[in-house]
Structure formats: C-alpha cells, structure tokens
Amino acid sequence: METLYHGSAIEVRIMREEDIPFICKADNDESEQNIAYLKNQLANQEKQECSAFIALYKGKVAGYVFLYYKCRWGGMANCNIPGIVDLIVFPQFRRRGIATVLMDEAEKVAKKHSNKVYLDVCLCSEYGPAQRFYAKRGYVPDGKGVYYEEKVCETDAVCKNDDELTLCLVKEFL
C-alpha cells in the first residue's frame, strides 16, 4: 500500500483490514464492537466515501483518522463538506507529532474535495488538548454554539457534559 508520508520515525498510509488486530491491540480494545466499527470504516473507504489513514511510529501502530468526503455526521452533516472523524493517537505515542502528520494528510485530501473541512470536538475536559490542537491548526467554531447529540443546543437547554456535547470547528483553505 502506498505510503503517504514517511519521516524519520512516523509513517502514514491508507489503513487496510489486516491492520485491525494491531489497532485494537494498541488501543487495548479488542472487543467485537471495536472490530466492527473499524471494519465499517474500511467498508466505507472501499465505497469511496472516506479515506482511513493509519500512523505508524517506528513501525508500531500509533493512531488513525478518518476523512469523509461528504460527511454525514456532526455539526455540518450532509452539507457536502469533508469531515474529519475520530483523530486518535494512542497515549503511549502522544506528543511526538503524530496527530499533526495525520491531520496534514487528511487535510491534503480534503482540499481536493472542498475549500473547507470540519470536525466536531467534545467539550469535556479530557478533550482539552484536542481543543487547543485544533485551534492552533486554524479551526474555528461554526458560530452555531454547542451541539448535543448532533443538534444545536438551544439557550437554557439541558444537556450532559459527555461525548455527545460538542463544538463544530471549521477550517477554510486559502
């Protein structure tokens, strides 16, 4: 499979089905649910709906990200805009530039489909580093406020600060 990026320690390429056991092991989640999720992403890649990128650090699975060309989820769902879904870098590989390289590659592909790309980031505190990372990359809020379960959270709405409370961020390419 074609390597998209190869640095001194980091390699990024398109994910394949034989990567799934290694991803699950690195993620400490070998559940049927996780395997099914990853297989579904690869099926969507096969249907040419997305690109699934995998990062290796010194030959070991370090993370992944999915780029949907016309994303169906999140704050800008069904707007025919590319969406970044599930940027994951496993804890033992963080702070090594892996997320940056994965995002660089995903954004290169997104530029072929649109003049912008979006993603949704959770607002709970454990996503603070991700929030800062995206802001530094030029992602800005879409201006609609926060979303809960992919719907705009109206003023005074009751919601729970969990993985469903998100902010839609957009990056425009110049």
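Criteria and cut-off values
- Residues numbered from 1 in each chain as written.
- Predicted model: local features only at pLDDT ≥ 70, side-chain atom pairs only at ≥ 80, totals over all residues.
- Heavy atoms only, no water.
- Helix = DSSP H or I, 4+ residues; strand = E, 2+ residues; numbered from the N terminus.
- Rg over C-alpha atoms; globule rule 2.2 N^0.38 Å.
- Buried < 20%, exposed > 50% of the residue type's maximum accessible area, 1.4 Å probe, protein only.
- Contact = heavy atoms within 4.5 Å.
- Areas by Shrake-Rupley, 256 points an atom, 1.4 Å probe, with all protein chains shown as cover.
- Lys, Arg positive; Asp, Glu negative; His and termini not counted.
- Charge placed at Lys NZ, Arg CZ, Asp CG, Glu CD.
- Salt bridge = Lys/Arg side-chain N within 4 Å of Asp/Glu carboxyl O.
- Pairing = 2+ DSSP bridges.
- Right-handed = clockwise from strand over helix to strand, strands pointing away.
- Disulfide = S-S within 2.5 Å.

Draft legend 1. Geometry of the overall build of the chain. Along its length, the chain carries 4 helices and 9 strands. Seen in sequence order, the chain has helices and strands lined up from the N terminus as β-β-α-α-β-β-β-α-β-α-β-β-β. Taken against the 2.2 N^0.38 rule, which gives 16 Å for 174 residues, the C-alpha radius of gyration of the chain at 16 Å falls within 12% of a compact globule. Judged by the C-alpha coordinates and their principal axes, the chain covers about 50 × 35 × 30 Å. Across the 174 residues of the chain, 48% fall into the buried class. Long-range contacts, defined as pairs at least 24 residues apart, comprise 60% of the intrachain contacts of the chain with a sequence gap of at least 6. Entry remark: accessible area of the chain is about 9,900 Å², with carbon and sulfur atoms responsible for 48%. With 23 positive and 26 negative side-chain charges, the chain shows a spacing of 7 Å between the two charge centroids.

Draft legend 2. How the structure looks around the pattern of salt bridges. All told, the structure shown has 7 salt bridges when counted by the stated rule. Across the salt bridge formed by Glu107 and Arg137, the nearest N and O atoms sit 2.9 Å from each other. One end of the pair, Glu107, is in helix H3 (residues 98-111); the other, Arg137, is in the loop between helix H4 (128-136) and strand S7 (140-148), and 30 residues separate them in sequence. Here the residues in one salt-bridge network are Asp104, Glu107, Arg137 and Lys171, joined through shared partners.

Draft legend 3. Geometry of the pairing of strand S5 (residues 83-89). The buried fraction of S5 amounts to 5 of the 7 residues, a majority that puts the element mostly inside the structure. As paired elements, S5 and strand S6 (residues 116-122) share 2 bridges and run parallel to each other. In the strand pairing of S6, Gly83 is matched with Tyr118. Regarding the hand of the β-α-β motif, the stretch spanning S5, H3 and S6 is right-handed.

Draft legend 4. A look at the state of the cysteines. Enumeration over the complete set of coordinates arrives at 0 disulfides. Here Cys122 stays free of any disulfide, with the sulfur of Cys124 as its closest cysteine sulfur at 5.2 Å.

Draft legend 5. How the structure looks around the pairing of strand S1 (residues 3-6). Looking at chain direction, S1 and strand S2 (residues 10-14) are connected through 3 bridges and run antiparallel. Considered in S2, the bridge of Thr3 is made with Arg13.

Draft legend 6. Focus on H4. Taken as a whole, H4 has its buried residues at Gly128, Phe133 and Tyr134. Where H4 is buried, its residues contact S5, H3, S6 and strand S9 (165-172). Following H4 by one or two positions, Gly138 has its phi on the positive side, about 95 degrees.

Draft legend 7. Representation of unusual backbone geometry. Unusually for a residue other than glycine, Asp86 sits at a positive phi of about 55 degrees. Its place among the elements puts Asp86 in strand S5. With a relative accessible area of 34%, Asp86 lands in the partly exposed category.

Draft legend 8. Region of the structure containing the sheet that holds strand S3 (residues 50-57). Read from one edge to the other, the open sheet built from 9 strands follows the order S1-S2-S3-S4-S5-S6-S9-S7-S8, with strand pairing classed as mixed. A single partner strand is all that each edge strand has here, and the edge strands are S1 and strand S8 (151-152). Bridge analysis of strand S4 (residues 60-68) against S5 gives 5 bridges, and the strand direction is antiparallel. In the strand pairing of S5, Gly63 is matched with Val89.

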